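# Structural features, examined
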Amino acid sequence: MRRRKIQRQRVMAAKMTVLLGFVLVIFFTGFTLYKLIGDFTKSNEPQQTFNSYTPTVERREVIKANETNKPIITEDFLTINEYSRPGEKLGKVKNIFVHYTANQGTSAAQNRSYFENLGITGETSASAHFVIGYEGEIIQCIPLDEIAYAVVQRNYDSISIECCYLSEDGKFTDETYQSLLRLSAWLLKEYKLAPDDMRRHYDEGGKKCPLYYVEHEEAWEKFLSDLEQHIMKNQV
């Protein structure tokens, strides 16, 4: 009698094990399908907006109206090397990124030299297509058909602008600001983009760059508004 009871308990335990396994299979199958559907839906969502800036002119109108002339730019391309100018081709440009040098008081030429020396020291990988000095001068370090090492996940579909600064809080001088407006407007015209396609480095990865525009969101929104006005004003 006792033996039969033990046997029945073993059979019941085996059935429960099989049932539990079946439930787990159904659960994990359902979870996998849920993830796949969620990932597919996410991939088809419109591009995320990284700021609360609200354009006052329709996007298509701004792009159509943009006839901004190329600002004065000194071309001083880096020597091709694996740390700052790999010479790899740039794909379709989707965004223009604004950075700050994180090196207070240094000039555009000094930051360009820093990028150049990385080809010798190999201490890290870094560069940008343009560097704007605190006096407003613009130096181009990388041709527009090549990538720069500026935004890790976005190097192959974006243009980057480094800005020098004097203020401890990272705020740009007026000369830098005006050059940034002119350069950004011209680049938006070249790639048929609008002010809401501008990005801070912060918007891709969370790095506090450019510092002032990260800690003063309203200043970034004003820059985008000023950029729109700059583009439209030039058409009058």
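Let me sum up the structure you'll find in this document. Only a predicted model underlies this, so the values are computations on that prediction, with no experimental measurement involved.

### Topic: the packing of aromatic side chains
- Going through the model one piece at a time under the given rule, you end up with eight aromatic pairs.
- Taking the centre distance of 5.0 Å and the plane angle of 40 degrees together, the rings of Y100 and Y165 count as tilted. Here the residue Y100 occupies a position in strand β2 (residues 95-100), and Y165 occupies one in the loop between β5 (158-163) and α4 (174-190), the gap between them amounting to 65 residues. Here Y100 and Y165 have matching classes, each one buried.
- Aromatic side chains Y177 and F223 sit 5.9 Å apart centroid to centroid with 75 degrees between the ring planes, which places their arrangement in the edge-to-face category. A residue pair is termed long-range when its members are at least 10 positions apart, and Y177 in helix α4 and F223 in helix α6 (residues 217-233) qualify at 46 residues.
- The class for Y177 is buried, based on a relative accessible area of 14%.
- Aromatic ring contacts, followed pair by pair, group F172, Y177, Y212, Y213, W220 and F223 into a single cluster.

### Notes on the pairing of β5
- For β5, the buried fraction is high: six of the six residues fall into the buried class.
- Taken together, the six bridges between β2 and β5 define a ladder with parallel strand orientation. Residue pairing for β5: H99 is matched across the bridge by E162.

### Here's the deal with the side chain of H99
- Looking at the secondary structure, you find H99 in strand β2.
- At 2.9 Å, the side chain of H99 forms a polar contact with the side chain of S160.
- With residues up to four places along the chain from it excluded, the contact list for H99 reads A150, V151, S160, I161, E162, C163, F172, H201, C209 and P210.

### A closer look at the pattern of salt bridges
- For the structure on display, the rule yields 14 salt bridges.
- Put simply, R112 and E116 hold a salt bridge, and the shortest N to O gap is 3.5 Å. Of this pair, R112 and E116 both sit in helix α3 (residues 108-121), four residues apart, which is roughly one turn of that helix.
- For D157, the salt bridge goes to R154, with nearest N and O atoms at 2.8 Å.
- Look at the salt bridges and you will find they share partners, linking R59, D196 and D197 into a network.

Analysis parameters
- Residues numbered from 1 in each chain as written.
- Predicted model: local features only at pLDDT ≥ 70, side-chain atom pairs only at ≥ 80, totals over all residues.
- Heavy atoms only, no water.
- Phe/Tyr/Trp six-rings, centres within 6.5 Å; stacked < 30°, edge-to-face > 60°.
- Helix = DSSP H or I, 4+ residues; strand = E, 2+ residues; numbered from the N terminus.
- Buried < 20%, exposed > 50% of the residue type's maximum accessible area, 1.4 Å probe, protein only.
- Pairing = 2+ DSSP bridges.
- Polar contact = N/O pair within 3.5 Å; in protein donor to acceptor, adjacent residues only side chain to side chain.
- Contact = heavy atoms within 4.5 Å.
- Salt bridge = Lys/Arg side-chain N within 4 Å of Asp/Glu carboxyl O.

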